[in-house]
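Summary of structural features
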Amino acid sequence: MLLSPRWISFLIAVLITFITVAFLHFIPGVTVPMLFVTGASAFISSFLLIFYIIDLLVFQEVNSIYLSLRKLKIKDFDIPRKSLIKSVNPLKKLNREISNYVSRKEEEIDTLRRMETFRREFIADVSHDLKTPIFAAQGFIHTLLDGAIEDPEVSHKFLTKAARSMDGLEMLVKDILILTQVESGDIRMQMEKVDLVEVIRDIFDQLEDKAGKREIALVLKPKAVKSVKVKADRVRITQVLTNLITNGITYGKNGGKVTVELTQENRHVMIRVTDNGIGIAPEHLPRIFERFYRVDKSRSRAVGGTGLGLAIVKHILNAHNTRIDVTSKPDHGTTFSFTLPQAAEDFSS
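First things first, this report covers the structure right here in the doc. (Residues numbered from 1 in each chain as written. Predicted model: local features only at pLDDT ≥ 70, side-chain atom pairs only at ≥ 80, totals over all residues. Heavy atoms only, no water.)

Helices and strands together make up the secondary structure of the protein chain, namely eight helices and seven strands. In the protein chain, which comprises 349 residues, the proportion classed as buried is 34%. Put simply, 72% of the contacts in the protein chain that link residues at least 6 apart link residues at least 24 apart. Only carbon and sulfur atoms are counted for the fraction: they give 60% of the accessible area of the protein chain, which is about 21,800 Å². (Helix = DSSP H or I, 4+ residues; strand = E, 2+ residues; numbered from the N terminus. Buried < 20%, exposed > 50% of the residue type's maximum accessible area, 1.4 Å probe, protein only. Contact = heavy atoms within 4.5 Å. Areas by Shrake-Rupley, 256 points an atom, 1.4 Å probe, with all protein chains shown as cover.)

This is the structure in structure tokens:
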């Protein structure tokens, strides 16, 4: 191949040798052996030098660049990052930059694909969840306008259902706003000493009727504890615990229980919210904290809720520099757990 490094080096070395010998030929006193030795030396040295420059410093690097660009063109981003010693060779630097660029683009494209998928799912879920209460209220109101309003009993019944649909719509919009504000950092956590026992008992009082309808017991452990103080935003932690306890009631078994357990762990308080309900299948666990993700969509919408509760819980706890974990077994129940920094040395009992 005439364009291979060896042929190019050979031709250039022959040219250099010819020029050198021709120049020395005109110098008086130069013998044939001298010309032969000089020509041979010029050929060998120039051939090796040129071959090294062309093959190692140009051809190999250019070939690597070509392969990188080829992979970029065919969307094959499996390009390893080269571990190179420090070099002033611009071609090596160029090749390294292209490899790094391609690797970064792979990550960016993967992120964009995930965001696009999330955007489509989010729009579809929001549209569906907004459409349901709006259409329901619209149907009730149009029925009243068509004459049902003349019947006091029917009008009251339909107005009650329309109001319930609007309440659900208000809850959905409020949850979307809260989630957006927490994610964007617009809501700042107001850290203070919070008595978890007091917060939990207040939530139990608020949810007593809801739990009573399904004969679900609300239990705080340990029973003798009177005060457990942590550093947290009282309003947001109340929202977190309310969402978790409400989920336990909603998806728990009739006659079951929802337990909130507080334990000390290395100057932190571990909070576990456990129910003995339907549980969550393993394939759903990685996604339950996503917006609008429902394990059983038909049942979830039937019992109410916006599908944003666990997403809000996750982001509020992230803002507290902690994370929420979940363990679950179908038909045996679910446990959500997280920690908060302790604000006092010991539990008060």
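Counted by the stated rule, this structure contains one cavity of 30 Å³ or more. Within this model, the largest cavity holds a volume of roughly 40 Å³. Around the largest cavity sit Leu244, Gly248, Val258, Val273, Thr274, Asp275, Thr334 and Phe336, which together line it. Elements that contribute at least two residues to the lining of the largest cavity include exactly helix H6 (234–251), strand S5 (268–275) and strand S7 (333–341). (1 Å grid on protein atoms, 1.4 Å probe; cavity = no way out; pocket = protein on both sides within 12 Å on 5 of 7 lines; lining within 4 Å. Points joined across faces, edges and corners; volume = space filled by probe spheres on them.)

Our next topic: the side chain of Ser155. With respect to the element layout, Ser155 can be found in helix H4 (residues 152–184). Of note is the side chain of Ser155, whose polar atom sits 2.9 Å from the backbone oxygen of Pro152. Not counting residues up to four positions away in its chain, the partners in contact with Ser155 are Leu144, Ala148 and Ile149. (Polar contact = N/O pair within 3.5 Å; in protein donor to acceptor, adjacent residues only side chain to side chain.)

Fair warning: the whole summary comes from geometry, so function is off the table for now.
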